[in-house]
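Structural overview for review
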Amino acid sequence: MTERTPLLHYRLSTSVNESEPRCPSPGQAPAQHPGNPRQRSAQQRQPEKLSIFFGVVIPTLLSMFSVVVFLRIGFMVGHSGLYQAIAMLLVAYFIICMTVLSVCAISTNGALDAGGAYYMISRALGPEFGGSIGIMFFLANVCGSALFVLGLVEAIVDTFGVPEDGSLPTSAYQVLPSGYWWSLLYGTGVALLCLLVCLVGAHIYAKATFLIFLVVMFVLGTVFVSFFAVHPRTIVLPGSAAFNPAANGTGPAFPTTANFTGFKLDTLLGNLWADYTVDYTTNTMMTFATVFAVMFNGCTGIMAGSNMSGDLKNPSYSIPRGTITAVIFTFIIYNMLSIMVACSCDRVLLQRDYSFLRDINIWNPFVTVGVYSSTLSAAMSNLIGASRILYALARDDLFGKVLSPAKKTSHSGNPWVSVLLSWFLVQLVLFSGKLNTIASIVTIFFLLVYAAVDLACLALEWASAPNFRPTFRYFTWHTCVLGIVGCVVMMFLINAIYASASIAFMLLLLLLIHYLSPTSSWGYISQALIFHQVRKYLLMLDVRKDHVKFWRPQILLMVSNPRSSVGLIRFTNDIKKSGLYVLGHVQLGDLDTLPSDPLQSQYDSWLSLVDHLNIKSFVNLTLADSVRHGVQHLLFISGLGGMRPNTLILGFYDDRLPQDNLIDPSLSAGQSADPSDSPRDAERQPPLFHFASLRGSGDGQDGGEFGDGKVLGPREYVAIIADAVKMLKNVALARDFNGFDRARVLSPPPSSPGKGAVYVDVWPVNLLRPDSCSYVDTCSLFLLQLACILNMVRAWRRATLRLFLCVEEGRSVALHWQRQGEWGKKAEPEEEEESEGDYVNSFPSNATRLSDDYLSAVNKLILDSARPAPAVRFLYLPRPPADTSRYATYLEQLELLTRDLGPTLLIHGVTPVITTDL
């Protein structure tokens, strides 16, 4: 059992690398096919995965030591003093510790693949953030590799270079020419050496770094021993005639020698406080920010292990443990070195000789070898890390064909094209010339990446997603916030211009990926955060606190077939006034007789339609035995909390042949192709719209807006209106919107100013009750409110509202009605008990006696009163009759009333929507 326990633990771990083959169960031999030569060759080509020590600890230690431990410890203490040096270390390690906690949390939440921090951020925050931060991290590693190459060149020139000022060499080994172009040549040679190692592969790189690790640890041990073993001595400082003002008589001479005093209290007291001066390598004045920028490069190697995630045996196990071990070890070493340097070296030595550790070592070449080894290893680590990030970016196809060549790999899986591209960019950065010149840029890039890692962990924590359950528990959202704040503050303290430019560049990349890259299957953290916040605010939206002052339309638009409803869908989107907008659809059927829910496969087409029409709408589909029951379902269950439909819109019930407006993908032309046209039209339709074809008005679901088809009769159609009124829902019937083209209607004037005017006619009077004397009722006010809402939409602001009250015309209509011999007849008894409001908006009891001539006269009155013709008409819709036997007559009279009026909205309001109170 003891032999099976580790294997069982490996099987049950949630962090097994998905890229690895499945581990056999305990007691089961792994499947082997010795007769398959292809499998044997594939196994031989796959290199062995790296362990926690070789894959994480060693690369992270070497990346963090690199330049700072041997070349910049004295620089930091000499300029900032011991107090500020320790403060810088505390701030830097506080930032990276917060980031390490976030890295550990994300890396232990699931399987990791190649790409390190980019893989974590992209899979947590989505492709936009992941891709933009991935590019920033790639550039950070490129610049970091160039920085370490320049550090190595600086060490080589200090040891073997001839002084640039023409003075005599102080050592017999100073034979190499010095200068900008010579330094560039040396840097190119070092970069080529790094390229060769990285082209071989990560496995050879791991072996090489192990040897370098042993060398660096040995040299570091000799440095600590030297502080105790070496006697006090005077050291000749590296000088430059160009830098020394005494050379041309313009100022006092700088010291040419400095002292290593050993451990002395006076030396410590002289190094406690800051004394910023000019950097002798760049001739620029140092500040807290510039020194911190250089020092922080010794902390930027925490992602070295994460960058190797694709080459690790178990990334989720190795990355947290290896990274934390390396961080703790380097923090102790840096603080011990800072204290020893401050106690034993005078200020001039620290400020004027960055290679002083070589001069005070028990044997000078030890430090030289350590500097060369650590900087070379760090340069290789950043180069191979940059290549892995670029390879991961290319493999995810976030930038299309631009990065497609970077996908190519060797037989062993090494992305050699990515390595070459990374090396080329490193070579470009080498033209900057000096280490301290690019230190600020590198630091800001890394700080931005660390802030993004903290943001990814924070977003996962705040989203409260059930699948975010990392095995690493030592983090909270507080640590993430502290890490983000620390990174952002230090970015702007180091260089506000560089920080702003890098953030702007990242946002530009984010927008490019958002609009140009295809949809990914990784999941979007924004959706989880939005869900979390929407749920919280929906619970706060209390329907008991609704007030008429803040009323807005919340619309349920019933759609039989979207192919004939494009115009109405777009028009309804204009009158929602930032309210709820739901596209409803009823499919006839019985779930008991079906193998599965037929609606689930239709949602993608409906949502694609919403995206294509660029409307802000939800989709709600239901399965019912009748259209009436389906509409009742949707009115009852649509919406959530305080966001529920208060207005139902139906297409008008008539026998017109519907027109397909989805054949043309542009959906902008009011003219649609005839359904009987050749199949070429079908070939032009968007592939995601899988709606039934329109073959005629007599086919069930071929109805245009709602009710055009014969899946329901006139009685059921009017019953739907009556049901909505009983449920206290406002109702609107939309007629002749099949060919409504919003763009054509609202287009600017073609030639003369007068011909391009747009009108919206509003008739807030019940034309079926001309004998009523009241015009101010709930239905009329609701009709006026909708017309004003339409006029508030930006595209409709140029439209003119024309209000028709029919004061005088109403008498002539009444006289016409009277001439039919029905004016003086007594009303039915129940009509006498109606209130004035009910009387006005109700269907007249003597509707059966309304002649077609009267309705034609009203229709002609509406047509003749509007010159030029309006874009849309708003008419008063009376309440359906209580007697269901009159439903057919009610519908027939509505048809005669609105015949040939063009796009018309018959509106019946049941809820107060207007108040004059403040």
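How each quantity is defined
- Residues numbered from 1 in each chain as written.
- Predicted model: local features only at pLDDT ≥ 70, side-chain atom pairs only at ≥ 80, totals over all residues.
- Heavy atoms only, no water.
- Helix = DSSP H or I, 4+ residues; strand = E, 2+ residues; numbered from the N terminus.
- Buried < 20%, exposed > 50% of the residue type's maximum accessible area, 1.4 Å probe, protein only.
- Contact = heavy atoms within 4.5 Å.
- Areas by Shrake-Rupley, 256 points an atom, 1.4 Å probe, with all protein chains shown as cover.
- 1 Å grid on protein atoms, 1.4 Å probe; cavity = no way out; pocket = protein on both sides within 12 Å on 5 of 7 lines; lining within 4 Å.
- Points joined across faces, edges and corners; volume = space filled by probe spheres on them.
- Patch = residues over 30% accessible without salt bridge, like charges linked within 9 Å, V, L, I, M, F, W, Y side chains within 5 Å.
- Salt bridge = Lys/Arg side-chain N within 4 Å of Asp/Glu carboxyl O.
- Lys, Arg positive; Asp, Glu negative; His and termini not counted.
- Charge placed at Lys NZ, Arg CZ, Asp CG, Glu CD.
- Pairing = 2+ DSSP bridges.
- Axes fitted to C-alpha atoms, helices over the stretch in contact; angles between N-to-C directions.
- Phe/Tyr/Trp six-rings, centres within 6.5 Å; stacked < 30°, edge-to-face > 60°.
- Disulfide = S-S within 2.5 Å.
- Core = buried A, V, L, I, M, F, W, Y, C linked by side-chain atoms within 4.5 Å.
- Parallel < 35°, antiparallel > 145°, perpendicular 65-115°, else oblique.
- Nonpolar A, V, L, I, M, F, W, Y, C, P; charged D, E, K, R; others polar.

Turning our eyes to something else, we now look at the overall build of the chain. A tally of regular secondary structure across the chain gives 31 helices and 13 strands. For the chain, the proportion of its 918 residues judged to be buried stands at 53%. When contacts within the chain are restricted to residue pairs at least 6 apart in sequence, those whose partners lie at least 24 apart make up 82%. Accessible area for the chain stands at about 41,100 Å²; split by element, carbon and sulfur atoms hold 61% of it.

Before going further, it helps to spend a moment on the layout of surface pockets. When its volume is computed, the second largest pocket comes out at roughly 1,200 Å³. Surrounding the second largest pocket, 27 residues form its lining, Ile-530, Val-534, Leu-580, Ser-617 and Phe-618 being those nearest its centre. Elements represented by at least two residues in the lining of the second largest pocket include exactly α19 (525–540), β6 (581–588), α21 (603–613) and β7 (618–624). No other element matches α19, which puts 8 residues into the lining of the second largest pocket.

Another point: the side chain of Asp-353. Inspection of the secondary structure assignment puts Asp-353 in the loop between α12 (347–352) and α13 (356–359). Leave out the neighbours within four places in its chain, and Asp-353 touches Ile-235, Val-236, Leu-237, Pro-238, Tyr-280, Val-348 and Asp-359.

Taken together, the side chains of Arg-552, Lys-577, Arg-794 and Arg-797 make up a positively charged region of the molecular surface. Within the secondary structure, Arg-552 sits in the loop between α19 and β5 (555–558). Owing to a relative accessible area of 36%, Arg-552 belongs among the partly exposed residues under this scheme.

Taken in spatial order, the 9 strands make up an open sheet running β7-β6-β5-β8-β9-β13-β12-β10-β11, and their pairing is mixed. Of all strands in the sheet, those bounded by a partner on one side alone are β7 and β11 (799–803). When strand polarity is set aside, the average angle formed by the axes of neighbouring strands in this sheet is 20°. Here β5 runs beside β6; their pairing, made up of 4 bridges, is parallel. When the sheet's bridge partners are listed, Leu-557 is paired in β6 with Leu-583.

For any pair of aromatic rings, the description rests on two quantities: the centre-to-centre distance and the angle between the ring planes. Within this structure, the stated rule accounts for 33 aromatic pairs. Ring centres of Tyr-83 and Trp-273 lie 4.7 Å apart, and the angle between their planes is 80°; on these two criteria the pair is classed as edge-to-face. Highlighted residues: Tyr-83 in helix α3 (residues 52–107) and Trp-273 in the loop between α8 (265–270) and β3 (278–279), separated in sequence by 190 residues. On the basis of relative accessibility, which here comes to 58%, the residue Trp-273 falls in the exposed class. With a centroid separation of 5.7 Å and 75° between ring planes, the pair formed by Trp-551 and Phe-782 is classed as edge-to-face.

This brings us to helix α31 (residues 887–897). Inspection of α31 places Tyr-887, Tyr-890, Leu-891, Gln-893, Leu-894, Leu-896 and Leu-897 among the buried residues, and these make up the whole buried set. Turning to α31, the residues buried within the fold contact α24 (714–726), β9 (730–735), α30 (852–864) and β13 (904–908).

Let's shift gears to the state of the cysteines. If you walk through the whole model with that rule in mind, you get 0 disulfides. Cys-104 carries a free sulfur, and the closest cysteine sulfur to it, the one in Cys-457, is 9.7 Å from it. The class for Cys-104 is buried, based on a relative accessible area of 1%.

By size, the foremost hydrophobic cluster in this structure holds 166 residues, and its most contacted members are Phe-70, Ile-96, Phe-227 and Leu-337. Ranked by the residues each element gives to this core, the list is headed by α3, at 30 residues. Residue contacts for Ile-96: discarding those within four places in its chain leaves Met-64, Phe-296, Cys-299, Ile-302, Val-327 and Tyr-450.

The next subject is the packing of helix α9 (residues 288–296) against helix α16 (residues 435–463). Remark: α9 packs on α16, axes separated minimally by 8 Å, with the N-to-C direction vectors making an angle of 70°. Between α9 and α16, the interaxial angle falls into the category roughly perpendicular. Here α9 contributes Ala-293, Val-294 and Phe-296 to the contact with α16, which in turn contributes Leu-435, Asn-436, Ala-439, Ser-440, Thr-443, Leu-447 and Tyr-450. Taken together, the residues of the contact of α9 with α16 break down into 7 nonpolar, 3 polar and no charged.

Following Arg-867, the chain continues into Pro-868 via a peptide bond in cis, with omega recorded as 0°. Counting through the fold element by element, Pro-868 comes out in the loop between α30 and β12 (872–876). Backbone geometry places Lys-577, a non-glycine residue, at a positive phi of 50°. The phi angle at Leu-728 is positive, at roughly 60°, despite the residue not being glycine. Residue classification places Leu-728 among the exposed residues on the basis of a relative accessible area of 58%.

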